[in-house]
Amino acid sequence: NSILRCVAPNGQELYYLGQWVAERVEPRLEDVNFDGMDDVVVMTARGATNGWEQYFVWNGESYEHAAWNWGCDTGLPNAVLHADGKLLETCETDGWAGLLHRKAIYRWEGTELVMIRCAVSEETEDGQGVRLRVYEAEYGEGERVDRVVWERSATLEECSDGTVLDEENATLWDGLK
């Protein structure tokens, strides 16, 4: 791990941890929270198929490190912005050409990304297939409970035509687009 620093457009010094980044990637400006103002995006780690980012969002006076409530501390993997629903999607692939993965959909609440739905695909105990689950986040009393809304186990052969992943993705996005 390395402590990295960048200077924001307002002159503010921003610090973050970088790991697994062979060469430094320059921060970029992008409106990640859909408020019409550019935010600072920094690369914190990069692997063969995954890249993790963290955000410093403009709060009207300064840049504030954005928090998120699901996933790893490294950052948000392979993030995709969906301006139509003001959502952010992440997907971290773990092997088997992306069949093993963790996906999440977040909504902004101030400077925090709040996970609203996630999908996890893991290898079965016998190593012959995957177990896929989609969770809906439910919030109450300051706690998050992740409720399973779809689950399926499938062999590698059953996954070969993409139908199982299409079912997972349809459930993950149901009612959000």
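Residues numbered from 1 in each chain as written. Predicted model: local features only at pLDDT ≥ 70, side-chain atom pairs only at ≥ 80, totals over all residues. Heavy atoms only, no water.

### As for the overall build of the chain
For the chain, the count of helices and strands is two helices and 14 strands. At 18 Å, the chain has a C-alpha radius of gyration in line with the 16 Å of a compact globule built from 177 residues. Taken along its principal axes, the extent of the C-alpha atoms in the chain is 55 × 40 × 30 Å. A separation of at least 24 residues holds for 39% of the contacts in the chain among residues at least 6 apart in sequence. Accessible surface for the chain amounts to roughly 9,600 Å². Of this, 46% is attributable to carbon and sulfur atoms. Distance between charge centroids for the chain: 1 Å, based on 15 positive and 35 negative side chains. (Helix = DSSP H or I, 4+ residues; strand = E, 2+ residues; numbered from the N terminus. Rg over C-alpha atoms; globule rule 2.2 N^0.38 Å. Contact = heavy atoms within 4.5 Å. Areas by Shrake-Rupley, 256 points an atom, 1.4 Å probe, with all protein chains shown as cover. Lys, Arg positive; Asp, Glu negative; His and termini not counted. Charge placed at Lys NZ, Arg CZ, Asp CG, Glu CD.)

### Concerning helix α2 (residues 163–173)
Within α2 the residues assigned to the buried category are Val-164, Glu-168, Thr-171, Leu-172 and Trp-173. Phi for Gly-175, located one or two positions after α2, is positive at around 80°. (Buried < 20%, exposed > 50% of the residue type's maximum accessible area, 1.4 Å probe, protein only.)

### Re the pattern of salt bridges
All told, the structure shown has twelve salt bridges when counted by the stated rule. Residues Asp-94 and Arg-102 are paired through a salt bridge, measuring 2.6 Å at the closest nitrogen-oxygen approach. It is possible to trace a salt-bridge network through shared partners that takes in Arg-28, Glu-30 and Glu-53. (Salt bridge = Lys/Arg side-chain N within 4 Å of Asp/Glu carboxyl O.)

### Brief notes about the environment of Asn-33
Within the secondary structure layout, Asn-33 lies in the loop between β3 (28–30) and β4 (39–46). Take Asn-33: its relative accessible area is 14%, and that puts it in the buried class. Sequence separation of Asn-33 and Gly-11 is 22 residues, and the distance between their C-alpha atoms is 21 Å. When sequence neighbours within four positions are dropped, the list of residues in contact with Asn-33 reads Asp-39, Val-57 and Trp-108.

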